[in-house]
Amino acid sequence: MTDPFAPPEDVRTGAGASGVAAGWMLAFGALGSAVGSVLVITGVAGHIAVAALPLAALGAVAGLVAHQVEHARALTRTPVVDARGRSVQPLGTWLVAVPLLIGAVSLLALVVVGSVYSQSRGIGAGFLLLSVGLAALFRPLYATSRLRGAIETASRGERAEAELTTLATAWWSPKSVRGQASLNLGLLALRNGDFDRAAQWYAMVQSGRAAGFAATGLALVFVGLERFEEAEGALRDAATSAAGRHVQGELDGVRLLLVLRRDGSADALDLAGRLHPPAPGALYTGALAAALMAAGREVEAMAMMEDGGTDALQASGLGHLLPELAGAIGSRV
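Residues numbered from 1 in each chain as written. Predicted model: local features only at pLDDT ≥ 70, side-chain atom pairs only at ≥ 80, totals over all residues. Heavy atoms only, no water.

Draft legend 1. Representation of the overall build of the chain in the model. When you go through the chain residue by residue, the secondary structure sums to 14 helices and three strands. Expressed as a percentage of the 333 residues in the chain, the buried residues total 48%. Carbon and sulfur atoms make up 60% of the accessible area of the chain, which amounts to about 15,600 Å² in all. (Helix = DSSP H or I, 4+ residues; strand = E, 2+ residues; numbered from the N terminus. Buried < 20%, exposed > 50% of the residue type's maximum accessible area, 1.4 Å probe, protein only. Areas by Shrake-Rupley, 256 points an atom, 1.4 Å probe, with all protein chains shown as cover.)

Structural data, given as structure tokens:
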């Protein structure tokens, strides 16, 4: 789902090659440890490294090749916005699923081998280290993969609230994934006009760059609830956050709507005359058109909305915040 509060400046393709290669290396290393343990038990080899090291190296190479293949496929996918405000063309789930399956089977084999050959301390230590390494690596990869699937589902207009809620609240979900899931849940609630629910989700994001995006959404929630003083505070938080420059265009739209609702069309038009954003977003354009309408300048407002403004506002899902435009333009908003 595209976040209308933070249009990114660049497009990336999910996880980097080094992270994928590390995952595959650990998984194949676990497989090699299991094979090496069997070789040690049968007396064919004197140490599990005989199989563990070559297979770990093979896994790293296989991971790099798999990443290159999936990177090319990802370039054809619709970008989604991550918690850092970047547009990401996500990599396929199989990049995580394959090494996860190999690693799980290998660790299970190590448990069996360890129970049969429990006098080998090296096998037990290897099992412990590999378990910790795989758990630490695949936890964020698995959560990110599920998040990508949920966002793509929501982008197609299908319901994804249950999956996003799980990712936003589960203990195994990393902080960055919880933040992104909360941002998307806040946006879904905002689009549905459920301001209280949107405020709850945005308020859950308290730190990191995602907090700037959440503060921007929260400011819009407060405008919708006519809690204008709190909206001002949320705008300040967003503007001074680490993501301030990424959300500047959206901040201008929320600020313009706040002034329109609180102070009237004259002050809103005065503010618009001073802002002049280089790339106004859908909310800014809609708020400016609403201010022009209220000031009796319907022809200018209609021209602005017919020049792509209506389609952009409809795509954002925020048209309900500007009811005065619905009467003038029709059901498209």
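Draft legend 2. Molecular detail of the packing of helix H8 (residues 210-224) against helix H9 (residues 228-239). Where H8 meets H9, the closest approach of the two axes is 8 Å, and the angle between their N-to-C directions is 165°. Taken together, the axes of H8 and H9 lie roughly antiparallel to each other. Crossing of H8 over H9 shows left-handed handedness. Two secondary-structure elements touch here, H8 through Gly212, Ala215, Thr216, Leu218, Ala219, Phe222 and Val223 and H9 through Phe228, Glu230, Ala231, Ala234, Leu235, Asp237 and Ala238. Partitioned by chemical class, the residues of the contact of H8 with H9 number ten nonpolar, two polar and two charged. (Axes fitted to C-alpha atoms, helices over the stretch in contact; angles between N-to-C directions. Parallel < 35°, antiparallel > 145°, perpendicular 65-115°, else oblique. Left-handed = near helix turned anticlockwise from the far one by under 90°. Contact = heavy atoms within 4.5 Å. Nonpolar A, V, L, I, M, F, W, Y, C, P; charged D, E, K, R; others polar.)

Draft legend 3. How the structure looks around helix H1 (residues 17-42). Look at H1: 37 Å from first C-alpha to last across 26 residues, which is about the 38 Å you get at 1.5 Å a residue. Just beyond H1, the residue with positive phi is Gly43, at close to 85°. (Expected span 1.5 Å × (residues − 1).)

Draft legend 4. Molecular detail of helix H13 (residues 298-316). The terminal C-alpha atoms of H13 lie 23 Å apart, and with 19 residues this falls more than 12% below the ideal 27 Å at 1.5 Å per residue. The largest bend along H13 measures about 65° and falls at Glu306. Among the residues of H13, those classed as buried are Ala301, Met305, Gly309, Thr310, Leu313 and Ser316. Trailing H13 by a residue or two, Gly317 shows a phi angle of about 75°, which is positive. (Bend = angle between axes of the 7 residues up to and from the residue.)

Draft legend 5. Representation of a nonpolar patch on the surface in the model. A cluster of nonpolar side chains, namely Val61, Val65 and Val69, defines an oily patch on the protein surface of about 250 Å² accessible area. Here Val69 is to be found in helix H2 (residues 49-74). A residue is classified by how much of its surface remains accessible, and Val69, at 45% relative accessible area, is partly exposed. (Patch = residues over 30% accessible without salt bridge, like charges linked within 9 Å, V, L, I, M, F, W, Y side chains within 5 Å. Salt bridge = Lys/Arg side-chain N within 4 Å of Asp/Glu carboxyl O.)

Draft legend 6. Fine view of the pattern of salt bridges. With the rule as written, the count across this model stands at eight salt bridges. Here Asp252 ties to Arg255 by a salt bridge, and the two come within 3.2 Å at their closest N and O atoms. Note that Asp252 and Arg255 are positioned in helix H10 (residues 248-263) at a spacing of three residues, about one turn of the helix. Note on Arg255: relative accessible area 23%, which makes it partly exposed.

Draft legend 7. Broad picture of the nonpolar core. In this structure, Leu190, Tyr202, Leu220, Leu256, Leu257 and Leu325 are the most contacted members of the largest nonpolar core, which totals 54 residues. Those elements that provide at least two residues to this core are helix H6 (175-191), helix H7 (195-203), H8, H9, H10, helix H11 (265-275), helix H12 (282-294) and H13. Counting 16 residues, the second largest nonpolar core, distinct from the first, contains Leu147, Ala154, Ala160 and Ala181. (Core = buried A, V, L, I, M, F, W, Y, C linked by side-chain atoms within 4.5 Å.)

Draft legend 8. Quick peek at the packing of H7 against H8. Where H7 meets H8, the axes come as close as 9 Å, and the angle between the chain directions of the two elements is 155°. Considering the angle they form, H7 stands roughly antiparallel to H8. For the element pair H7 and H8, the recorded crossing hand is left-handed. Contacts from Phe195, Ala198, Ala199 and Tyr202 of H7 reach H8 at Ala214, Gly217, Leu218, Val221 and Gly224.

Draft legend 9. Summary view of unusual backbone geometry. Its identity is not glycine, yet Glu226 carries a phi of approximately 60°, on the positive side. In this fold, Glu226 is placed in the loop between H8 and H9.

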